[in-house]
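The residues making up each chain are set out below.
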Amino acid sequence: MKKRISISIISLCLLLTACGQEPAQTTNAEQSKPLDVNLQGPEALQKNESGIYKAEVTYGDEKVKNDDVEMIEFEIEKKDSEGKGKMLKPKQIGEGIYEIQTSFSEPGTYTVQSHVSAKGTHNMPLITVTVK
């Protein structure tokens, strides 16, 4: 009888000890880093003038390796023509750096938007361009 009580008390202590433990804390290195896309290019151009738009892709403080980029495209769309934009594949000009060169044949307001997927996340910054 005493043996049974001793085993029950030990089991109860182990159970309470296990329940009282807090889950392991994740370190900063394990937490998700943000995917950042720095989109650069002219915000004003003349009709038929060529402009270069560049996306620099970083993950945390590091440039994204080209093998880690799942998808990158640039979308050019005229204001009030939603859904009628054209998608362009950029040239890779360095580790995590992509660019397109384009011109606009009509005056108006346009958006140049990069669509970037890397390491399971997606980022879509845009620049508004005024063409005169």
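These remarks concern the structure in this document. (Residues numbered from 1 in each chain as written. Predicted model: local features only at pLDDT ≥ 70, side-chain atom pairs only at ≥ 80, totals over all residues. Heavy atoms only, no water.)

**Description of the nonpolar core**
Link 1 in the chain: Ranked by internal contacts, the top residues of the largest apolar core, which has 23 residues, are Tyr53, Val57, Ile72, Phe74, Phe104 and Val129.
Link 2 in the chain: At the level of elements, strand E1 (35-40), strand E3 (50-59), strand E5 (69-78), strand E8 (97-103), strand E9 (108-118) and strand E11 (126-131) are the ones that each hand at least two residues to this core.
Link 3 in the chain: Beyond its immediate sequence surroundings of up to four residues, Val129 is in contact with Pro42, Glu43, Ala44, Leu45, Tyr53, Phe104, Gly108, Thr109, Tyr110 and Val112. (Core = buried A, V, L, I, M, F, W, Y, C linked by side-chain atoms within 4.5 Å. Buried < 20%, exposed > 50% of the residue type's maximum accessible area, 1.4 Å probe, protein only. Helix = DSSP H or I, 4+ residues; strand = E, 2+ residues; numbered from the N terminus. Contact = heavy atoms within 4.5 Å.)

**Here we look at the pattern of salt bridges**
Link 1 in the chain: For the structure shown, the criterion picks out four salt bridges.
Link 2 in the chain: Between Glu56 and Lys54 there is a salt bridge whose closest N-O contact spans 3.9 Å.
Link 3 in the chain: Using a relative accessible area of 23% as the deciding quantity, one classes Glu56 as partly exposed.
Link 4 in the chain: Two residues, Asp68 and Lys119, come together in a salt bridge whose shortest N-O distance is 3.8 Å. (Salt bridge = Lys/Arg side-chain N within 4 Å of Asp/Glu carboxyl O.)

**Quick notes on the packing of aromatic side chains**
Link 1 in the chain: Enumeration over the complete set of coordinates arrives at one aromatic pair.
Link 2 in the chain: When the ring of Phe104 is compared with that of Tyr110, the centres are 4.6 Å apart and the planes differ by 45°; the resulting orientation is tilted. Comparing Phe104 with Tyr110 shows no difference in burial state: the two are buried. (Phe/Tyr/Trp six-rings, centres within 6.5 Å; stacked < 30°, edge-to-face > 60°.)

**What about the environment of Gly120?**
Link 1 in the chain: Among the secondary structure elements, Gly120 is positioned in the loop between E9 and strand E10 (121-123).
Link 2 in the chain: Given the relative accessible area of 67%, Gly120 is considered exposed.
Link 3 in the chain: Residues Gly120 and Val69 lie 51 residues apart in sequence; the distance between their C-alpha atoms is 9.2 Å.

**What to know about the side chain of Asn66**
Link 1 in the chain: For Asn66, the location among the structural elements is in the loop between strand E4 (62-63) and E5.
Link 2 in the chain: On the basis of relative accessible area, Asn66 is assigned to the buried category, the value being 18%.
Link 3 in the chain: Reaching out from Asn66, the side chain makes a polar contact with the backbone nitrogen of Gly96 at a distance of 3.1 Å.
Link 4 in the chain: Within polar-contact distance, the side chain of Asn66 engages the side chain of Tyr98 at 2.7 Å.
Link 5 in the chain: Those residues in contact with Asn66, other than ones at most four positions away along the chain, are Gln92, Gly94, Glu95, Gly96 and Tyr98. (Polar contact = N/O pair within 3.5 Å; in protein donor to acceptor, adjacent residues only side chain to side chain.)

**Concerning unusual backbone geometry**
Link 1 in the chain: You will see that Asp80, though not glycine, has its phi angle at about 70°, which is positive.
Link 2 in the chain: One can find Asp80 in the loop between E5 and strand E6 (86-88).
Link 3 in the chain: Given the relative accessible area of 75%, Asp80 is considered exposed.
Link 4 in the chain: Of note in the backbone geometry, Lys119 takes a positive phi value of approximately 50° without being a glycine.

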